[in-house]
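If you want the building blocks of each chain, they are given just below.
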Amino acid sequence: MVNTQFGAGTYESGSALAPSRWLVLLLGVIAVIFGVLFFIYPIPTLTLLVTFLGLYWLFNGIVAFIGLFTDKTGRGWKLLVGILGVVAGILVLAYPLYSAVLIPTVFAIVIGVEGLIIGAVYMAQGFSGAGWGTGVLGILSIIFGLILIVNPFVAAVGLVLLLAGLAIVGGIAAIIFAFRLPG
């Protein structure tokens, strides 16, 4: 039967696009293995993640430079993004260990400051009649922000451990799902 909505194929052809059982199982096992490795080696894992970030920034900067020649709109922003991307990418790739400490630390500080601001806004809303729940969320956000600002390196390592836990849980879920797939 022809799919009249899109004009091609059959209604049954969608099942051919479904992932095969062994592929989902393989991806689940790989996720569990990487999650366990992330728990065992958090600092090398953080270095690897930051290296991938450096590669992304470098290629993004190069693409922004190419965009200068292909699209004439926003030339100033593209030039800025290109320069910052290439410089940041080269620095991260040249100094991966320093970057593994510096980048997550800066991110943790930025998130901590954001937590302080959001907490202050929630507390102000809570005192102006939004309810005690909003005030409590504001206090918790301020506490969380202060913890991140006081010790951002622990937060960076905690990020790797969180990713490890998510990889293990996601891998186990994929393995269970693989056994429930037909075929």
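That block above? That's the structure.
I will try to describe carefully the structure that is included in this document. (Residues numbered from 1 in each chain as written. Predicted model: local features only at pLDDT ≥ 70, side-chain atom pairs only at ≥ 80, totals over all residues. Heavy atoms only, no water.)

Some details on the overall build of the protein chain
Along its length, the protein chain carries six helices and zero strands. Secondary structure elements in the protein chain, listed N-terminal to C-terminal, are α-α-α-α-α-α. Residue burial in the protein chain is summarised as follows: out of 183 residues, 27% are buried. Of the contacts formed within the protein chain by residues at least 6 apart in sequence, a portion of 68% connects residues at least 24 apart. Total accessible area on the protein chain stands at roughly 12,200 Å², and carbon and sulfur atoms take up 81% of it. (Helix = DSSP H or I, 4+ residues; strand = E, 2+ residues; numbered from the N terminus. Buried < 20%, exposed > 50% of the residue type's maximum accessible area, 1.4 Å probe, protein only. Contact = heavy atoms within 4.5 Å. Areas by Shrake-Rupley, 256 points an atom, 1.4 Å probe, with all protein chains shown as cover.)

Here's the deal with the pattern of salt bridges
If you walk through the whole model with that rule in mind, you get one salt bridge. Note that Lys 78 is salt-bridged to Asp 71, the shortest N-O span being 3.2 Å. Look at Lys 78 and you get buried, because its relative accessible area is 19%. Using a relative accessible area of 35% as the deciding quantity, one classes Asp 71 as partly exposed. (Salt bridge = Lys/Arg side-chain N within 4 Å of Asp/Glu carboxyl O.)

Thoughts on the layout of surface pockets
The volume enclosed by the largest pocket comes to roughly 340 Å³. In terms of lining, the largest pocket is formed by 18 residues, of which the most central are Pro 104, Ala 108, Ala 155, Ala 156 and Leu 159. For the lining of the largest pocket, the secondary structure elements donating two or more residues are helix H2 (42–70), helix H4 (96–130), helix H5 (132–150) and helix H6 (152–180). (1 Å grid on protein atoms, 1.4 Å probe; cavity = no way out; pocket = protein on both sides within 12 Å on 5 of 7 lines; lining within 4 Å. Points joined across faces, edges and corners; volume = space filled by probe spheres on them.)

Let's talk about the packing of aromatic side chains
For the structure shown, the criterion picks out two aromatic pairs. Measuring from centroid to centroid gives 6.2 Å for Phe 34 and Phe 38, while their planes differ by 45 degrees, and the two rings are tilted. Of the two residues, Phe 34 and Phe 38 both sit in helix H1 (residues 21–40), four residues apart, roughly one turn of that helix. Aromatic pair Tyr 95 and Tyr 98: ring centres 6.1 Å apart, planes at 50 degrees, arrangement tilted. (Phe/Tyr/Trp six-rings, centres within 6.5 Å; stacked < 30°, edge-to-face > 60°.)

Quick notes on H1
End to end, H1 covers 29 Å across 20 residues, agreeing with the expected 28 Å (1.5 Å per residue, within 8%). Of all the positions in H1, only Val 24, Gly 28, Gly 35 and Phe 38 are classed as buried. Burial along H1 is one-sided: seen end-on, the buried residues are contained in an arc of 90 degrees. In H1, the exposed positions angled more than 90 degrees off the buried face are occupied by Trp 22 and Ile 40. Looking at the packing, one finds that the buried side of H1 touches H2 and H6. (Expected span 1.5 Å × (residues − 1). Arc of directions from axis to C-beta.)

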